[in-house]
Amino acid sequence: MKKGYKKVERMTSAMRIIHWINFFSMIVAIATGLYIAAPYYQTLIAEPAVDKYVMAWNRWGHFMVAIIFDVTSIVVAYLYFFSRFEKPYKKVLPTAKNIKEFFAVLVNLITLNRSKKFDSSHSDSFNTVYFTIFHLLLLLMLFTGLQLYVEGLESGLSSIGTWWPSMLHIATDWTIPFSHFLVGSSVQDATIMDVRIVHHRFMWLIIVWVVFHIYYQVWRTIFWQEGDIAIAFGGSKYVKEDKKAEN
Amino acid sequence: MAGDKIESVKSLFTAKSAKVETNKGEEYYQNLYAQCRERLDNLKKIVPVSNNIKIKEAIEEEGVSRRDFLKWASATTAMLMLPASFTPLVAEAATLMNRVPVVWIELQDCAGNSEALLRSDGPTVDEIILDIISLEFHETLMAAAGHQAEKQLEDAIETFKGKYLLFVEGSVPMGINGQYGTLGAKGETFIDHLHRVAKDAAAIIAVGSCATFGGIPAAAPNPTDAKGVMDVVNGKTIVNIPACPANPSNMVGVILHYVLTGQLPELDSLLRPKFAFGYRIHDNCERRAHFDAGEYVEEWGDEGAKNNFCLYKMGCKGPMTFNNCSIVRYNEGVNWPVGVGRGCIGCSEPDFWDKYAYERPMANANIKAPTGGVEKSVDEFGLGLLTAAGIGIGIHAAASAIAGKKDNQGEA
């Protein structure tokens, strides 16, 4: 450890595990999702249809990572309010302190680190708002995805019982009119295709989110010189001790 | 306005599922059987309203055997999701079809649903039955015109007040006070015409995609502000039988259900009978195995097309469309769109022309913007946004590199 620097823990091992599960799930979800939306490679093996099962495997992979995503989302939602480490919701409440910090971090970014009037040792309000946006986007993907899934279970049966499709209908049927509202049309009646369009478009928003997220974390690492990129791997970063004392 | 908002929020959270209950239990069907028996006995006492054609004779004249008729009866029983014990009742109900008066009106449409009933290589049992229903008024088929036709409609409404089934074909143009569509010697607008005839109907059956969801006239930019019947008429029982054209089997199914039980069949959230629209085309498609295998037709007439591969990449919307085409097919089971190798265009779903019928997968579609005119692909939109974000990041990164790091060089 460099002299004069202090180690601060920022992500617990549970948070890091969730982070990397989400990372891999997202890559698989996007790769398979794009195939499901419009199959972008052809099957070349000269075998009967029953042996290939390419679309089926893509759908299998897509649903599997989706369900993993769903479960981590529940865990994240729980930690958001009840984490014993750091409760993120406290950083998005529109209090004077949070609003001030949010803009201080934004100013830091657009002035290319000319101004840095906040404590960078803990998770700041700007980044927490940004993560919250991500989880809201993810939540919409979760609900629209489950609606598209239960659409195919029109018999009302599933391998784990009839309660599961029934529950999915109760939990996700609102996404049909909601998606219709988002997509818009001259026709009043909502259709399941609206949900599909929303599910597809919001994938792009999430990709855009990821691009900025990676860029911003790297930028912080380079400009702040506090080893921010290590948070996702080792769980901690380093801040100057004198700075820490200031705040 | 505030009330409208509350209503729209309510509707956001109360969408009903299309779940199909195929078995409602022994007791339910016993009660239903007794109820149907009573209803049919009562109907028998009624003298046929205006035509005396007997189904037995009609069928023989058209060269359909009694055996074919009974086969049709058992198939229809299954389609209506009733137990096999109901078959004799269904056959009996078919012979009593001329006891229910039907008024058929056409609005903004191409008469395709009427054509679907009338034109086929040979009359099917469904079509014969639609011939013998007591059709009191049908603009396209009737001989009368002008004031005579108006008179006939008025007579029908008066005579069968509250008893007739109203079939509506075509959308309702709401723009410029309905002046896009007028009819008759008095120049009545379609809106007024629909309201007048709907007022005394026992129930309204909207047939075809135009009458149900606005269909092609309502496609972007929807110049006439076309709407489906259910978005125009309030406080009436409405059944939607969408598809372009609606399948005659499903029309007969609904009438037969009404004759048999005195009630309309169970409906889903879009008011479509569940017996017909509770199934996804994809799940009963003969090409489903090719879908799962990833074997797709890439181009019309390629090797895949010759081998009956899946039409998903040619834009088939079977996976998103609820209808029984893949089960009952068209023209008494002769064929259907996927069977002839051209894919489904989702014609029985709302807004199908803009959101389903573009003949490529959704991700590659040029979905029209709601404002109309401008074509935008979802992927282009996403890629555009991504490019914008990339450019922004690039500028920021370049600026960062040029500006250099402000702080504390040489300290550490």
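Residues numbered from 1 in each chain as written. Chains lettered and ligands numbered in written order. Predicted model: local features only at pLDDT ≥ 70, side-chain atom pairs only at ≥ 80, totals over all residues.

Participant: Kindly report on the overall build of chain B, identifying the contributing residues and their values.
Facilitator: Along its length, chain B carries 17 helices and eleven strands. When the 412 residues of chain B are sorted by exposure, 46% land in the buried category. Long-range pairs, those at least 24 residues apart, make up 71% of the contacts in chain B between residues at least 6 apart in sequence. (Helix = DSSP H or I, 4+ residues; strand = E, 2+ residues; numbered from the N terminus. Buried ≥ 20, exposed ≤ 12 C-beta atoms within 10 Å, placed from the backbone. Contact = placed C-beta atoms within 7 Å.)

Participant: Can you lay out the nonpolar core for me, pointing to particular residues and giving the numbers?
Facilitator: Residue and element names in this part refer to chain B. Counting 133 residues, the largest nonpolar core has Leu166 and Ile255 as the members making the most contacts within it. It is helix 11 (residues 248-261) that provides the largest number of residues to this core, a total of eight residues. Taken domain by domain, the makeup of this core includes at least three residues from each of domain 1 (48-275) and domain 2 (281-368). Non-local contacts of Ile255, meaning those with residues more than four positions away in its chain, are made with Met97, Val100, Ile133 and Leu165. (Core = buried A, V, L, I, M, F, W, Y, C linked by C-beta atoms within 7 Å. Domains from an automatic or database assignment.)

Participant: Could you give an account of the interface of chain A and chain B, naming the residues involved and the relevant values?
Facilitator: With 48 residues of chain A at the interface, the matching set in chain B holds 58 residues. When residues of the side of chain A that touches chain B are traced back to their parent elements, those giving at least two are helix 2 (49-52), helix 3 (54-82), helix 8 (175-183) and helix 9 (192-224) of chain A. Ranked by residue count, the leading element in the side of chain A that touches chain B is helix 9 of chain A, at 14 residues.

Participant: I'd love a proper account of the environment of A:Ala14, names of residues and values included.
Facilitator: All names here are of chain A. Following the sequence through the fold, Ala14 ends up in helix 1 (residues 13-37). For Ala14, a count of 12 C-beta atoms within 10 Å gives the class exposed. Considered as a pair, Ala14 and Val75 are 61 residues apart in the sequence and their alpha carbons are 9.8 Å apart.

Participant: Explain the environment of A:His62 residue by residue, including any values.
Facilitator: Residue and element names in this part refer to chain A. Mapping His62 onto the fold places it in helix 3. His62 gets classed as buried once you count the C-beta atoms within 10 Å, which come to 21. A C-alpha to C-alpha distance of 8.7 Å links His62 and Ile36, two positions 26 residues apart in sequence.

Participant: Break down the domain arrangement of chain B for me, with residues and values.
Facilitator: Accessible area lost on assembly of the parts is the figure often given for the size of an interface. Looking at the assigned domains, one finds that chain B contains domain 1 (48-275) and domain 2 (281-368). Between domain 1 of chain B and domain 2 of chain B, the residue contacts involve 15 residues of the former and 13 residues of the latter.

Participant: Residue-level account of the packing of helix 2 (residues 26-45) of chain B against helix 11 of chain B, with values.
Facilitator: Residue and element names in this part refer to chain B. Taken N-terminus to C-terminus, the directions of helix 2 and helix 11 make an angle of 90 degrees; their axes are 7 Å apart at the nearest point. If you check the angle between helix 2 and helix 11, you find them roughly perpendicular. Across from Leu32, Gln35, Cys36, Arg39 and Leu43 in helix 2, the residues of helix 11 making contact are Val259, Leu260 and Thr261. Of the residues assigned to the contact of helix 2 with helix 11, the class counts are five nonpolar, two polar and one charged. (Axes fitted to C-alpha atoms, helices over the stretch in contact; angles between N-to-C directions. Parallel < 35°, antiparallel > 145°, perpendicular 65-115°, else oblique. Nonpolar A, V, L, I, M, F, W, Y, C, P; charged D, E, K, R; others polar.)

Participant: Kindly report on the pairing of strand 9 (residues 238-241) of chain B, identifying the contributing residues and their values.
Facilitator: Here is the key point about a regular strand: its side chains alternate between the two faces of the sheet. All names here are of chain B. The two faces of strand 9 match: Ile238 and Asn240 on one face and Val239 and Ile241 on the other face are all buried. Bridge count between strand 7 (residues 203-207) and strand 9: four bridges; the pairing is parallel. From the neighbouring strand, Ile204 faces strand 9, where its bridge partner is Ile238. (Pairing = 2+ DSSP bridges.)

Participant: Which residues make up the sheet that holds strand 9 of chain B, and what values do they have?
Facilitator: Two modes of strand pairing occur in sheets, parallel and antiparallel, and in both the strands are linked by backbone hydrogen bonds. Residue and element names in this part refer to chain B. One open sheet holds the five strands; their spatial order is 2-1-3-7-9, and the pairing between them is parallel. For this open sheet the edge positions go to strand 2 (134-138) and strand 9, each flanked by a neighbour on one side alone. In this sheet, neighbouring strand axes are inclined to one another by 20 degrees on average, regardless of whether the strands run parallel or antiparallel. The pairing of strand 1 (residues 101-106) with strand 3 (residues 165-169) spans five bridges and is classified as parallel. Paired with Ile105 across the strands is Val168, a residue of strand 3.

Participant: Report on the packing of helix 6 (residues 125-151) of chain A against helix 8 of chain A, specifying residues and quantitative values.
Facilitator: How two helices pack is summed up by the angle between their axes together with the distance between the axes. Residue and element names in this part refer to chain A. Two numbers describe how helix 6 lies on helix 8: the axes approach to 10 Å, and their chain directions differ by 120 degrees. Here helix 8 runs oblique to helix 6, going by the angle between their axes. As helix 6 runs across helix 8, the sense of the crossing is left-handed. Touching Phe143, Thr144 and Gln147 of helix 6 are Thr175, Ile176 and Ser179, all from helix 8. Here the contact of helix 6 with helix 8 is composed, by residue class, of two nonpolar, four polar and no charged. (Left-handed = near helix turned anticlockwise from the far one by under 90°.)

Participant: Describe unusual backbone geometry, naming the residues involved and giving the relevant values.
Facilitator: Residue and element names in this part refer to chain B. The residue after Cys244, namely Pro245, is reached through a cis peptide bond having omega 0 degrees. By the secondary structure assignment, Pro245 is in the loop between strand 9 and helix 11. Of note, the phi angle at Leu271 is positive, near 60 degrees, even though the residue is not glycine. The residue Leu271 is located in the loop between helix 11 and helix 12 (274-277) in this model. Positive phi is not limited to glycine here, since Asn308 has a value of about 60 degrees. Tracing the backbone shows Asn308 in the loop between helix 14 (303-306) and helix 15 (325-328).

Participant: Tell me what's going on with helix 4 (residues 66-79) of chain B, and back it up with residues and numbers.
Facilitator: All names here are of chain B. Across its 14 residues, helix 4 extends 20 Å between first and last C-alpha, which sits within 8% of the 20 Å expected from 1.5 Å per residue. Along helix 4, the residues that are buried comprise Trp72, Ala73, Thr76, Thr77 and Met79. Looking straight down helix 4, one finds that the buried residues subtend no more than 155 degrees of arc, so they occupy a single side. (Expected span 1.5 Å × (residues − 1). Arc of directions from axis to C-beta.)

Participant: Provide a residue-level description of the environment of B:Gly339, including the pertinent values.
Facilitator: Residue and element names in this part refer to chain B. Along the chain, the position of Gly339 falls in the loop between helix 15 and helix 16 (352-355). Since 16 C-beta atoms lie within 10 Å of it, Gly339 is described here as partly exposed. Taking the C-alpha atoms as reference points, Gly339 and Arg287, separated by 52 residues in sequence, lie 8.6 Å from one another. Setting aside anything within four residues of it in sequence, one finds Gly339 in contact with Glu286 and Arg329.

Participant: Give me the confidence of the model for chain B: which residues, what numbers.
Facilitator: Residues and elements named next belong to chain B. Summarising the model, chain B shows a mean pLDDT of 83, and 86% of its residues fall at 70 or more. Across residues 408-412, where pLDDT falls below 50, the model places one contact with residues more than four positions away in sequence or in other chains. Confidence metrics for the complex model read pTM 0.79 and ipTM 0.80. (pLDDT = per-residue confidence, 0-100.)

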